[in-house]
Every structure is written in structure tokens, then in C-alpha cells.
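Read off the chains here:
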Amino acid sequence: MTNLAINTTQNVNLNYKVVSIGERILGFLVDLFVLFIYIYVIELVTDAMGESITDNWTVFGLQQLLLLPVFFYSLYMHLLFKGRTLGKMVMKTRVVKLDGSPAHWSTYLILWMMRLVDIWMFLGSIGLLTIIFSDRHQRLGDHAAGTVVISNKKKTKISHTILEEVNDDYVPKFSTVTTLTDKDARLIKETYLIAIRSSDYKTLRMLREKVEATISTTSDLYDKQYIDTVLKDYNYYTQRS
């Protein structure tokens with residue numbers, strides 16, 4: 001599992017879980033099943049039209065027109081549903097940029113074009129191998145577009161609660177923490193605990209920088225002290241609001 005950054009009010013992911021290769025394959029199979037059903041329905045419709053239209057070329061042209069959505073499926077689904085296809089919705093996954101922020105339309109275009117190499121050439125072996133040997137389970141298209149597929153599944157534990165012990169005489173340091181939401185504070189704490197348990201000081205530094213940018217603060221506190229202070233300040237203000 002790769003944990004990197006958290007979804008703040010600035011719409012930047014500060015903490016996410018990169019999905020496994022199995023989840024990616026299952027999502028792809030769901031999409032294939034949906035497309036198979038669509039193609040089957042189109043076949044039935046065009047067969048019925050063929051009985052009333054004598055011009056076979058007209059029927060063929062209509063059939064190809066109705067099949068166009070199949071070729072552009074992943075592109076327009078990602079655009080319409082912000083990085084998700086039906087398969088990703090079922091698996092609760094999403095395509096985002098490496099820093100966790102939403103992908104741009106041009107990013108989805110690159111992913112769609114690279115599917116020719118990743119999936120349709122050599123029976124998907126290229127995409128499969130690049131996912132297996134990538135630390136973040138990225139296919140070739142993900143590397144080209146600078147994206148990763150993350151999980152949207154919610155896993156709530158007691159340790160994820162935003163509650164912090166605050167003494168009655170506690171003096172808060174950062175008043176701007178009130179711009180955070182409960183969701184922001186919970187995700188900050190979740191990432192903070194993961195980074196501390198795994199001694200991941202790089203992630204702790206990334207978390208600190210994103211929180212500083214979000215609440216517009218600067219401090220000479222160490223990263224651990226800074227995040228701990230932010231969480232306590234948030235609890236101080238919310239418990240008295």
C-alpha cells in the first residue's frame with residue numbers, strides 16, 4: 001500500500017491508497033462486461049433494422065456509428081465522472097494525478113491513447129507488466145500522464161477520530177485551523193499516524209507543507225510538533241464553537 005498525501009478544502013489529496021493490480025483488473029473486467037452488453041444490444045438492433053432496410057451499407061454505417069461510444073468509452077467516462085468508469089465506480093477507485101489532485105482533460109486523453117499500447121497490443125501484456133513492476137501499480141499510460149489509480153473506500157477506525165486531548169489551560173497557536181473541516185482534520189491525523197508508525201519522514205514533510213499552505217501558516221516547529229499542534233488547535237476551537 002502506498003500512502004502519499006489528504007483531501008483538503010483546496011481539493012488536493014494528502015493521503016491516499018494506491019489500488020492493487022487485482023482491483024485494477026476487476027474494474028477493467030466490469031467495464032468489458034458493460035461494453036459486451038452494449039455491443040450485444042447494438043447487434044440485436046441492427047439485425048432488426050436489417051429486416052426493414054434493404055441497403056446493407058446503410059445498416060453497416062448505422063452499426064459503426066452506434067459502436068463509436070465503445071471506442072471512446074474510457075475517455076468520456078473519465079471526463080464525465082472525474083476519473084472513473086463504471087468499473088472504477090463498482091471497485092470504488094479513481095484516477096488522479098500523482099500529487100492527489102484531480103486529473104485534467106488532457107491527462108485523460110493521454111491515458112485513452114496509451115490504451116492501444118497498454119491493453120490492446122499483445123493482449124494487455126505491456127500494461128500488465130508495467131503495473132506489476134511499478135511501485136505505484138501504474139501502467140505505461142499512467143507513467144506518461146503522471147497519474148495513479150487510488151481507492152475511495154472509507155476505512156474508519158478509532159485511531160482515525162479527530163479527537164485530541166486538550167487541557168483547559170491550553171493556548172492555541174494557529175487560529176486559521178478553523179478553515180479546516182472535520183474531514184480535513186481526520187485525514188490529516190490519519191496520514192500523520194501512518195507516517196509516524198512507519199517512520200516515513202518524507203510523507204510527514206509533504207503533509208506539513210500541504211497543511212501550511214492550506215491554513216496559511218509558517219512555523220519553526222518540527223514537522224511532528226507542527227502537525228500535533230494543528231490537531232490540538234483544531235480540537236480547541238471546534239470544542240468551544
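Above this text is the structure in question.
Residues numbered from 1 in each chain as written. Predicted model: local features only at pLDDT ≥ 70, side-chain atom pairs only at ≥ 80, totals over all residues. Heavy atoms only, no water.

Remarks on the overall build of the chain
Heads up, the rule is: Secondary structure follows DSSP: runs of H or I at least 4 residues long count as helices, runs of E at least 2 residues long count as strands, and numbering of each begins at the N terminus. Each residue is assigned to one of three classes by its accessible area relative to the maximum for its type, calculated with a 1.4 Å probe on protein chains only: buried under 20%, partly exposed between the two thresholds, exposed over 50%. Exposure was quantified through the Shrake-Rupley algorithm and a 1.4 Å probe, taking into account, for residues, occlusion by the shown protein chains and nothing else.
Regarding its fold elements, the chain presents 10 helices and 2 strands. Moving toward the C terminus, one meets the helices and strands of the chain in the order α-α-α-α-β-α-α-α-β-α-α-α. Residues counted as buried form 40% of the 241 residues belonging to the chain. About 14000 Å² of surface is accessible on the chain, with carbon and sulfur atoms providing 63% of the total.

What about the pairing of strand E2 (residues 147–151)?
Let me state the cut-off plainly: DSSP bridges decide pairing: two strands pair if at least two such bridges lie between them.
Within E2, 5 of the 5 residues are buried, which leaves the element mostly enclosed by the surrounding structure. Judged by which residues are buried, E2 turns out to be covered on both faces: Thr147, Val149 and Ser151 on one side and Val148 and Ile150 on the other are all buried. As paired elements, strand E1 (residues 93–97) and E2 share 5 bridges and run antiparallel to each other. Bridged to Val95 within E2 is Val149.

Things to note about the pattern of salt bridges
Heads up, the rule is: Salt bridges are defined by distance alone: a side-chain nitrogen of Lys or Arg within 4 Å of a carboxyl oxygen of Asp or Glu.
Applying the stated rule across the entire model yields 7 salt bridges. Two residues, Asp223 and Arg208, come together in a salt bridge whose shortest N-O distance is 2.8 Å. Of this pair, Asp223 sits in helix H10 (residues 223–239) while Arg208 sits in helix H9 (residues 201–215), and the two are 15 residues apart along the sequence. With respect to class, Asp223 is no different from Arg208; both count as buried. Through salt bridges that share partners, Arg205, Arg208, Glu212 and Asp223 make up one connected network.

Focus: the packing of H9 against H10
To keep it simple, the criterion reads: Structural elements are reduced to axes, namely lines fitted to C-alpha atoms, with helices fitted over the stretch in contact, and the angle between N-to-C directions of any two is expressed from 0 to 180 degrees. Small angles under 35 degrees read as roughly parallel and large ones over 145 as roughly antiparallel, with 65 to 115 read as roughly perpendicular and the rest as oblique. When the near helix sits turned anticlockwise from the far one by under a right angle, the crossing is termed left-handed; a clockwise turn instead gives a right-handed crossing. Contact criterion: two residues are considered in contact whenever any of their non-hydrogen atoms come within 4.5 Å of each other. In this classification, Asp, Glu, Lys and Arg are treated as charged, Ala, Val, Leu, Ile, Met, Phe, Trp, Tyr, Cys and Pro as nonpolar, and every other residue, Gly included, as polar.
Across the interface, H9 lies against H10 with an axial gap of 10 Å and an inter-helix angle of 45°. In terms of axis orientation, H9 runs oblique to H10. Relative to H10, H9 is oriented so that their crossing is left-handed. Between H9 and H10, the residues in contact are Leu204, Arg205, Leu207, Arg208, Val211, Glu212 and Ile215 and Asp223, Lys224, Tyr226, Ile227 and Val230, respectively. In terms of residue class, the contact of H9 with H10 is built from 7 nonpolar, no polar and 5 charged.

Description of the environment of Gln64
Checked against the element boundaries, Gln64 lands in helix H2 (residues 56–71). When its relative accessible area of 32% is taken as the criterion, Gln64 is described as partly exposed. For the pair formed by Gln64 and Ile42, sequence separation is 22 residues and the distance between their alpha carbons is 9.6 Å.

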